[in-house]
Amino acid sequence: MKILCPACESPMHIIRSKQISQEVREFVGDCKNIDCGSRAAMLLSFSHYIRLPETNQKNLLIELLSNLSDEEKSKVLSAVS
Ligand SMILES: [Zn+2]
């Protein structure tokens, strides 16, 4: 992961990080540009899933199937087998 200095846009060297919450991590980095010399903290946060975790997909499928009638379930099962 490449992080750029907010002051001069040079690459930063990550010196430490800590988990703030389940979905947010803070990184502290030093600017590699010796003429800048800044140290900055940045946050990386979860935004959204591109693909759901496998367990979520299964739970979603179970929830969807549980709302179907027996006839609809049979149609779904015959379509996938
Ligand atoms: Zn800089």
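Structure: above.
First things first, this report covers the structure right here in the doc. This structure is a prediction, so every number in the text was calculated from the model and none was measured. Starting afresh in each chain, residues are numbered from 1 along the sequence in its written order. Selection of residues for local features in this predicted model requires a pLDDT of at least 70, selection of side-chain atom pairs for listing and counting requires 80 or more, and totals for whole chains, interfaces and linings are taken over all residues.

## Topic: the overall build of the protein chain
The helix and strand tally for the protein chain stands at 2 helices and 3 strands. Secondary structure elements follow DSSP: runs of H or I no shorter than four residues count as helices, runs of E no shorter than two count as strands, and numbering proceeds from the N terminus. Seen in sequence order, the protein chain has helices and strands lined up from the N terminus as β-β-β-α-α. For the radius of gyration, the atom set is restricted to C-alpha positions; the globular benchmark scales as 2.2 Å times the number of residues to the power 0.38. For the protein chain, the C-alpha radius of gyration of 23 Å lies well beyond 12 Å, the compact-globule estimate for 81 residues. Across its three principal axes, the protein chain shows a C-alpha extent of roughly 70 × 20 × 15 Å.

## Here we look at the sheet that holds strand β2 (residues 24–31)
Pairing between two strands is assigned when DSSP locates at least 2 bridges connecting them. An order of β1-β2-β3 is seen for the 3 strands of this open sheet, with the pairing classed as antiparallel. At either end of the open sheet lies a strand with only one pairing partner, and these are β1 (12–21) and β3 (39–45). The mean inter-strand angle of the sheet, taken between neighbouring strand axes irrespective of direction, is 25 degrees. Whenever a helix is involved, its axis is fitted only over the stretch in contact; in every case the axis is a line through C-alpha atoms, and angles between N-to-C directions fall within 0 to 180 degrees.

## Things to note about the pairing of β3
Taking burial as the measure, the 7 residues of β3 include 0 buried ones, a minor fraction of the element. As paired strands, β2 and β3 are joined by 7 bridges and run antiparallel to one another. Bridge pairing in β3 links Glu26 to Leu43. Every C-beta atom is placed from the backbone, and the number of other C-beta atoms within 10 Å of a residue's own sets its class: buried at 20 or more, exposed at 12 or fewer, partly exposed in between.

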